[in-house]
Every structure is written in C-alpha cells, then in structure tokens.
Amino acid sequence: MPSRWRIALVALLLPAACASVADGPAVSPARTAEEAGLVAIDRLVPDIHQDIRYAGSDNFVGAPIDGYEAPRCYLLRPVAEALQRVEADLRPQGFRLLIYDCYRPVRAVRHFMRWVQDAGDLRTKAEHYPNLDKGELVHGYIAERSGHSRGATVDLTLLRCDASGQDCAPLDMGTGFDFFDPLAHTDSPGASDAQRRNRHRLRAAMERHGFRNYEREWWHYGFQPEPSPGIAFDVPVR
C-alpha cells in the first residue's frame, strides 16, 4: 500500500480508536511516545537546557506530578523541529532556550485539578499565587484540559550565554515560571521596560517559527497550526 494511502487510513481510523472526552479532544489509545508520534527534544538538540519542574517538587503543586516519570521534554515531531529551529536562530545571538514543560499527560492535568480543588493545601501560595485565592486559578491559569496534552505547547524562557555557550543565566522576565498573577501577563504594565523587552525578545524568537504566546503567561507558547488539535495523549513522560 502506498505510504500516502497508509497515512490517510490512519487519519480516518484514529478518531474512532480514541476515547471520547465531552466538549474536548479525544484521548489517544497510544501507550508509548513512539506510538503517539512524540519526540524527545534532546534527540534533536542534545545539549538543550531543560528544567522540567513537574518531574520534581519545585512547582506550584509542591510535589511530583502524575505521569512525569522522568524530566524530559516530548513534543509532536513538527513542533519539536520548529523548536529546534528557534534554538538554532538564538545561539549566534548569545541566547539559548531553557525549557520548563512540553507535552503533559492527561493524568497530570487531572492531578492539577485535584490540587486546585483542595482548598486546604496552600503550601505554595506565597511563591506561586500570592495575590489570588486558589479557586481563582481556574480562570485563565489552570484548566480541565490543556494544549500541552496535545503535544504542541511548550513553557520556556531565555538564557544569555557567554561566547562558549557554557556559562548561561536566565534573563530577568519579572516573575518566575508558573507565577499566577497579572504581573506575569506578557505585556503587564507592572513589569519594567527591561523585563518587557526580554519577554518580547522571547516572543519574537518563537513567533518566527510558528509559536504563539498565551498573553497571561509570558512563558507559554503553542504551535500553530497544531498538528492534531482534536487528540490528547496520556502517555507517561519517561
């Protein structure tokens, strides 16, 4: 069977094989990253900088997140290749990417929702949402469904590096990652001019290769058009 026919057949059969989710994408039956078409970014850029927060306890939940069995970044191949091009463009300018999160299993999103519904767990409030009540986080920050689960969204920042590319430090973006507050909005008037310039530098670098920023989170970028907008994945990150 010609390859183009096989691709068309898979496209027809995959939605029928997925578990339906009301008012949202279907969940793929894929059991491995390979079956899902997910690629580890370090296969394309072996020395890319990663700080995958949800594989450990340094995150807004304060604990390792369900589905993160290793600190790795997976993305659908077209998205991973676009991110590889962003990194390649930045290096001659003395910058590199630092990745916080990429593909996110559906089970991880459910973990987030259980956490946000636990009104008594306020351990991370001072660091991650000092000016909001926990229940307010579902309005624009934590959702029942995430574009990350479709393998086309990435959270990241910029590093400035020396000429060797070895000594790198994050640019000042005005807030840390997963700081849920209007100050983290990309064009927040509360950020300094220098901080907004750094955010805009990241945005410009990402937009050149098809990524679009979520205006409430300076670190959050989705690839457009998404390769498979109707399909989410629940493959563990390993």
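In this text the structure is predicted, and so the values were computed from the model without any measurement.

**Student:** Kindly report on the overall build of the protein, identifying the contributing residues and their values.
**Tutor:** A count of helical and extended segments in the protein gives seven helices and 10 strands. Its C-alpha radius of gyration of 18 Å places the protein within 12% of the 18 Å reference for a compact globule of 238 residues. Looking at the protein residue by residue over its 238 residues, the buried ones come to 50%. In the protein, the share of contacts with a sequence separation of at least 24, taken over all contacts with a separation of at least 6, comes to 73%. Looking at the protein as shown, the accessible area adds up to about 11500 Å², and 52% of this sits on carbon and sulfur atoms. Across the protein, the 29 positively charged side chains and the 32 negatively charged ones have centroids separated by 5 Å.

**Student:** Help me get a handle on the environment of Ile 41, residues and values and all.
**Tutor:** Structurally, the position occupied by Ile 41 is in helix 3 (residues 41–44). When the C-alpha positions of Ile 41 and Ala 80 are compared, they lie 6.0 Å apart, and in sequence the two are 39 residues distant. What Ile 41 contacts, discounting residues up to four positions off in sequence, is Ile 48, Gln 50, Cys 73, Ala 80, Leu 83 and Ile 99.

**Student:** Before we move on, can you summarise the nonpolar core with the specific residues and values?
**Tutor:** The biggest cluster of nonpolar side chains holds 65 residues, and the ones touching the most others in it are Leu 83, Ile 99, Ile 142 and Phe 211. The element that contributes the greatest number of residues to this core is helix 4 (residues 77–90), accounting for six residues. Beyond its immediate sequence surroundings of up to four residues, Ile 142 is in contact with Phe 60, Phe 112, Met 113, Trp 115, Val 116, Leu 137 and Phe 180.

**Student:** So what about the state of the cysteines? Which residues, and what values?
**Tutor:** Applying the stated rule across the entire model yields two disulfides. Across the disulfide from Cys 73 sits Cys 102; the S-S distance is 2.0 Å. Taking the sign of the S-S torsion, about -90° here, the bridge from Cys 73 to Cys 102 comes out left-handed. Note that Cys 73 is positioned in the loop between strand 3 (49–50) and strand 4 (74–76) and Cys 102 in the loop between strand 5 (95–101) and helix 5 (106–116), a separation of 29 residues in sequence. Of the two residues, Cys 73 and Cys 102, neither departs from the other in class, the shared state being buried. Disulfide partner of Cys 161: Cys 168, at an S-S distance of 2.1 Å. Given an S-S torsion of about 110°, the disulfide between Cys 161 and Cys 168 has right-handed geometry. The class for Cys 161 is buried, based on a relative accessible area of 13%.

**Student:** Give me the lowdown on helix 7 (residues 193–207), citing residues and values where you can.
**Tutor:** A rise of 1.5 Å per residue sets the reference length of helix 7, with its 15 residues, at 21 Å; its end C-alpha atoms lie 21 Å apart and thus fit the reference within 8%. Taken together, the buried positions of helix 7 are Gln 195, Arg 196, Asn 198, Arg 199, Leu 202, Ala 205 and Met 206. Looking at the packing, one finds that the buried side of helix 7 touches helix 4, strand 5, strand 6 (153–161), strand 8 (211–213) and strand 9 (220–223).

Conventions adopted
- All residue numbers refer to positions counted from 1 along the written sequence of the respective chain.
- Owing to the predicted nature of the model, reporting of local features is limited to residues with pLDDT of at least 70; listing and counting of side-chain atom pairs is limited to 80 or more, with chain, interface and lining totals taken over all residues.
- Working from all heavy atoms in the structure, the side-chain values ignore hydrogens and water.
- For helices the rule is a DSSP run of H or I covering at least 4 residues; for strands it is a run of E covering at least 2, with both sets numbered from the N terminus onward.
- The globule rule is 2.2 Å times the number of residues to the power 0.38, and the radius of gyration it is compared with is taken over C-alpha atoms.
- Type-normalised accessible area, obtained with a 1.4 Å probe on protein chains alone, sets the label of each residue: buried when under 20%, exposed when over 50%, and partly exposed for intermediate values.
- Residues are treated as being in contact if the distance between any of their heavy atoms lies within 4.5 Å.
- Accessible areas in this description were obtained via Shrake-Rupley with a 1.4 Å probe; residue shielding takes into account the shown protein chains only.
- Here Asp and Glu are counted as negative and Lys and Arg as positive; His is not counted, and neither are the chain ends.
- For this purpose, a charge sits on NZ of Lys, CZ of Arg, CG of Asp or CD of Glu.
- Each nonpolar core is a collection of buried residues, namely Ala, Val, Leu, Ile, Met, Phe, Trp, Tyr and Cys, held together in the definition by side-chain atoms within 4.5 Å.
- For this text, the term disulfide refers to a pair of cysteine sulfurs within 2.5 Å.
- Expected span of a helix: the number of residues minus one, times 1.5 Å.

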